[in-house]
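# Notes for the structure review
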Amino acid sequence: MDGGGSSDMTLAFELDALKSLADPNTVFNDARGWTEYVGVVSEKPTYVVTNFTRKHRVRQDFFSGPRGVTESLENVKRQFDTDRHVFVGTTDEDRAVAEETGWEYLPLSQAAEAAGWTLTDPEEESAHFDEDTRDDWP
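Report follows, based on the coordinates. (Residues numbered from 1 in each chain as written. Predicted model: local features only at pLDDT ≥ 70, side-chain atom pairs only at ≥ 80, totals over all residues. Heavy atoms only, no water.)

## Focus: the environment of D81
So the rule is basically this: Numbering of helices and strands starts at the N terminus; helices are DSSP runs of H or I of at least 4 residues and strands are runs of E of at least 2. In this scheme, a residue with accessible area under 20% of its type's maximum is buried, one over 50% is exposed, and one in between is partly exposed, where area comes from a 1.4 Å probe on protein chains only.
With respect to the helices and strands, the residue D81 is situated in the loop between α4 (69-79) and β3 (84-89). We classify D81 as exposed; its relative accessible area is 71%. Spatially, the C-alpha atoms of D81 and M9 are 8.6 Å apart, while their sequence positions differ by 72 residues.

## Some details on the side chain of S72
Definition in use: Definition of a polar contact: a pair of N or O atoms within 3.5 Å, with one able to donate and the other able to accept a hydrogen when the atoms are protein atoms, and with sequence-neighbouring residues admitted only if both atoms are side-chain atoms. Two residues form a contact once any of their heavy atoms are found within 4.5 Å.
Note that S72 resides in helix α4. Of note is the side chain of S72, whose polar atom sits 3.5 Å from the backbone oxygen of S64. Once you skip the residues sitting within four places of it in the chain, S72 turns out to touch V41, S64 and R67.

## Notes on the sheet that holds strand β1 (residues 9-14)
Here is the rule: What makes two strands pair is DSSP finding at least two bridges between them. All axes are obtained by fitting lines to C-alpha atoms, using only the stretch in contact for helices, and the reported angles, taken between N-to-C directions, cover 0 to 180 degrees.
A sheet is described by the order of its strands in space; here 4 strands give the open sequence β2-β1-β3-β4, paired in parallel fashion. The open sheet has two free edges, formed respectively by β2 (37-41) and β4 (104-107), since each of these has just one partner strand. Pairwise comparison of adjacent strand axes, ignoring direction, gives a mean angle of 25 degrees for this sheet. With 5 bridges connecting them, β1 and β3 associate as parallel partners. Bridge assignment links T10 to a residue of β3, and that residue is H85. In the packing of helix α5 (residues 92-101) onto the sheet, contacts are made with β1, β3 and β4, and the angle to β4 comes to roughly 160 degrees.

## Things to note about the environment of S42
Secondary-structure assignment places S42 in the loop between β2 and α3 (46-55). Given a relative accessible area of 1%, S42 falls into the buried group. Residues S42 and S64, 22 residues apart in the sequence, show an inter-C-alpha distance of 6.1 Å. Ignoring any residue separated from it by four or fewer positions in sequence, one finds S42 in contact with E14, L15, V49, S64, R67, G68 and V69. At a separation of 2.9 Å, a polar atom in the side chain of S42 contacts the main-chain amide nitrogen of K44.

## Thoughts on the pairing of β1
In terms of burial, β1 is a largely internal element, 6 of the 6 residues being buried. Across the two faces of β1 the burial is the same, with M9, L11 and F13 and T10, A12 and E14 all buried. Direction of pairing for β1 relative to β2: parallel, over a ladder of 5 bridges. Each residue of the ladder has a partner; that of E14, found in β2, is V41.

## Focus: the layout of surface pockets
Which entries qualify depends on this criterion: Only protein atoms enter the 1 Å grid, on which a cavity is a set of points fitting a 1.4 Å probe that cannot get out and a pocket is an open set with protein on both sides within 12 Å along at least 5 of 7 lines, lining residues being those with an atom within 4 Å of a point. Grid points are joined across faces, edges and corners, and a volume is the space filled by probe spheres set on the points. Amino acids outside the nonpolar list (Ala, Val, Leu, Ile, Met, Phe, Trp, Tyr, Cys, Pro) and the charged list (Asp, Glu, Lys, Arg) are all regarded as polar, and Gly is one of them.
Looking at the largest pocket, its volume works out to about 170 Å³. Every residue along the wall of the largest pocket is listed here: E14, D16, S42, E43, K44, V69, T70, T90, T91, E93, D94 and V97. At the level of elements, α4 and α5 are the ones that each hand at least two residues to the lining of the largest pocket. By residue number, the principal contributor to the lining of the largest pocket is α5, which donates 3 residues. Of the residues belonging to the lining of the largest pocket, the class tally is 2 nonpolar, 4 polar and 6 charged.

Encoded structure:
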């Protein structure tokens, strides 16, 4: 996904964006090739982010901890002095937070297409569970 630009970048994923990726670990490993720092921010409690990243073996350079997304992005921008700060999200709220905090916003679908990352299909996952019914259940 480099596109010939600088690798002096901090990349932050909103947790829901990360959950929409088929293989978050591979995405983080790939991103490390063209960024300085990569991490996760979320409004969710710390344990939710930690559980997800451990389960998927994602090694993050930063995470939001007990702070929300806005405060986390502000803190990360102060702590990680890179030429670019890019926030990958999925909603209009994510875009608004990026603009409010001085981060570049990149929609997940655009990032995935540019980098060749595979997205999960939430419809397919829920359909799988719908089909898996038990006839022998009382």
